[in-house]
Amino acid sequence: MKDFRKQYNFLEKELLDEIREKGVIKTFHAGESLLREGQFISSFPLILKGLIRISRTSEQGNELLLYYLRENEVCAMSLTCCMASMKSSIMAYAEEETEVIMLPVALLDEWMCKYQTWKQFVMQSYQLRFRELIETVDTLAFMKLDERLVNFFKTRHSKSGETTFYGTHQYLALQLNSSREVISRLLKKLENEGKIELSRNFIDFHMLL
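Keep in mind the model is a prediction, meaning the values are calculated, not measured.

**Student:** Explain the overall build of the protein to me, please; I cannot follow it from the model alone.
**Tutor:** Helix and strand content of the protein: eight helices and 10 strands. For 209 residues, the compact-globule formula gives about 17 Å, and the C-alpha radius of gyration of the protein, at 18 Å, lands near that figure. Seen along its three principal axes, the alpha-carbon backbone of the protein occupies a region of about 55 × 35 × 25 Å. Taken across its 209 residues, the protein has 43% of its residues classed as buried. Taking as baseline every contact in the protein between residues at least 6 positions apart, the subset at least 24 positions apart corresponds to 71%. On the protein, roughly 11200 Å² of surface is accessible, and the fraction owed to carbon and sulfur atoms is 51%. Positive and negative side-chain charges of the protein, numbering 28 and 29 respectively, have mean locations separated by a distance of 1 Å.

Rendered as structure tokens:
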């Protein structure tokens, strides 16, 4: 918890003390689920380190990436479900090994009234997530699939700092609501243009940045 106090030093000391007393530190491995659609939320995470993917799925099983969360960020959509006692409308997965502090949802309303810094933190999170959702809608509405694929890598880099991607073409197809064959064809085109390097379940995309 020592690093947590430094990381969240913009919160009141009394609030930090409460988080330390009532929070539980958990580690999620890459690919592990933190939250599923249709699930009631009993606790929510404050991220200490790592990266979380927030997404939704269609009836056909395709996944739509909404946004990423990293340290010092909180999921506004899960907070909304918590405060309204609703089932989750999103999924959350660890993209890499991720360490979080899990906090009981019952504290949310109390802290919004009790701590000004917590209220500001939550409101700023809502604003940021709303902006990212608008960008997601714009991407789907106005970008061609090859542009969305490039944007996927650039967004991943901006959130994680990574310039390489480990995963299958099928995974990318699900993220972009396309087929594996189309994604493979677009990746090969990018490779032929010297913009990425491909090998089995691995993509180096640093040339795109």
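**Student:** Which parts of the structure should I look at to understand the pattern of salt bridges?
**Tutor:** A side chain of one charge can pair with a side chain of the opposite charge if their charged atoms are brought near each other. Enumeration over the complete set of coordinates arrives at 17 salt bridges. One salt bridge in this structure joins Arg129 and Glu132, with 2.8 Å as the shortest N-O distance. A residue pair is termed a helical-turn pair when its members lie 3 or 4 positions apart in one helix, as Arg129 and Glu132 do in helix α5 (residues 116-142) at three residues. When its relative accessible area of 12% is taken as the criterion, Glu132 is described as buried. Bridged by salt links that share partners, the residues Glu18, Lys22, Glu110 and Lys114 form one connected network.

**Student:** Mind showing me how you'd approach the sheet that holds strand β3 (residues 43-49) here?
**Tutor:** Pairing between the strands of a sheet is mediated by backbone hydrogen bonds and can be parallel or antiparallel. Read from one edge of the open sheet, three strands run β1-β7-β3, paired in antiparallel fashion. Two strands bound the open sheet, and with one partner strand each, they are β1 (24-28) and β3. Across the sheet, the mean angle from the axis of one strand to that of its neighbour is 35°, orientation sign disregarded. As paired elements, β3 and strand β7 (residues 98-104) share six bridges and run antiparallel to each other. Bridging across to β7, Phe44 finds its partner in Leu103.

**Student:** Where do I start with the sheet that holds strand β8 (residues 164-166) in this structure?
**Tutor:** Judged by pairing direction, the sheet is antiparallel, and its three strands sit side by side in the order β8-β10-β9 without closing on themselves. Where the open sheet ends on each side, the last strands, each with one partner, are β8 and β9 (197-199). Neighbour-to-neighbour, the strand axes of this sheet turn through a mean angle of 10°, independent of strand direction. As paired strands, β9 and strand β10 (residues 202-204) are joined by three bridges and run antiparallel to one another.

Conventions we followed
Residues numbered from 1 in each chain as written. Predicted model: local features only at pLDDT ≥ 70, side-chain atom pairs only at ≥ 80, totals over all residues. Heavy atoms only, no water. Helix = DSSP H or I, 4+ residues; strand = E, 2+ residues; numbered from the N terminus. Rg over C-alpha atoms; globule rule 2.2 N^0.38 Å. Buried < 20%, exposed > 50% of the residue type's maximum accessible area, 1.4 Å probe, protein only. Contact = heavy atoms within 4.5 Å. Areas by Shrake-Rupley, 256 points an atom, 1.4 Å probe, with all protein chains shown as cover. Lys, Arg positive; Asp, Glu negative; His and termini not counted. Charge placed at Lys NZ, Arg CZ, Asp CG, Glu CD. Salt bridge = Lys/Arg side-chain N within 4 Å of Asp/Glu carboxyl O. Pairing = 2+ DSSP bridges. Axes fitted to C-alpha atoms, helices over the stretch in contact; angles between N-to-C directions.

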